[in-house]
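Structural overview for review
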Amino acid sequence: MEITSERVIKCEPSVVFEYISNFENNPIWQGGMIEATFTSTGPLGEGSTYDQVATFLGRKIITSFVVTRFERNRCIQIQSVTSTFPIKVTRSVKLADEGTLVSAVVEGDPGGLFKLAKPLLKRMVYRSVTNDYANLKTILENRCSKK
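Residues numbered from 1 in each chain as written. Predicted model: local features only at pLDDT ≥ 70, side-chain atom pairs only at ≥ 80, totals over all residues. Heavy atoms only, no water.

**Notes on the layout of surface pockets**
Of the pockets and cavities examined, the largest pocket occupies roughly 530 Å³. Lining of the largest pocket is provided by 28 residues; of these, Q30, M33, Q52, I87 and S128 occupy positions nearest its centre. Mapped onto the lining of the largest pocket, the elements with two or more residues apiece are β3 (49-56), β4 (59-71), β6 (87-96), β7 (99-108) and α4 (118-145). Of the residues contributing to the lining of the largest pocket, the split by class is 16 nonpolar, nine polar and three charged. (1 Å grid on protein atoms, 1.4 Å probe; cavity = no way out; pocket = protein on both sides within 12 Å on 5 of 7 lines; lining within 4 Å. Points joined across faces, edges and corners; volume = space filled by probe spheres on them. Helix = DSSP H or I, 4+ residues; strand = E, 2+ residues; numbered from the N terminus. Nonpolar A, V, L, I, M, F, W, Y, C, P; charged D, E, K, R; others polar.)

Okay, here's the thing in structure tokens:
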């Protein structure tokens, strides 16, 4: 299953990247996200780790992630290490006429009960990701317009 979402945000790419690569911000802009905490120290880069707790379809999903790709102010990719819902997410930013084009590619392979409802699940995840990035746009544009 692969979901892609894009938004143009009226902020500088470095501001957008800084925000989306700090996973502790996830509960602020992502629906269903309860908590996200870095489990590694040092500067953010390949090999950095964090844990998150989320809910989806009434189920608590606890996931440990590792950063598998990191290009400062351009791209960050994370992959679940342990989870009830294996997932890989690539977030990227690039300069656009109106500000920054932020893109997300979410790849997952639902197992267990989730696998039975894959077509419905894909639509639900797409809606969730689309809403999350609309929320991100609102939050960041409000911040950038105040500077």
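**Focus: the packing of aromatic side chains**
All told, the structure shown has six aromatic pairs when counted by the stated rule. Seen in terms of ring centroids, W29 and Y133 are 4.9 Å apart; in terms of plane orientation they differ by 80°. Their pairing is edge-to-face. One end of the pair, W29, is in helix α2 (residues 26-29); the other, Y133, is in helix α4, with 104 residues separating them in the sequence. The pair formed by W29 and Y133 is uniform in burial state, with each residue classed as buried. An aromatic cluster is present here, built from F23, F38, Y50 and F65 joined pairwise through their rings. (Phe/Tyr/Trp six-rings, centres within 6.5 Å; stacked < 30°, edge-to-face > 60°. Buried < 20%, exposed > 50% of the residue type's maximum accessible area, 1.4 Å probe, protein only.)

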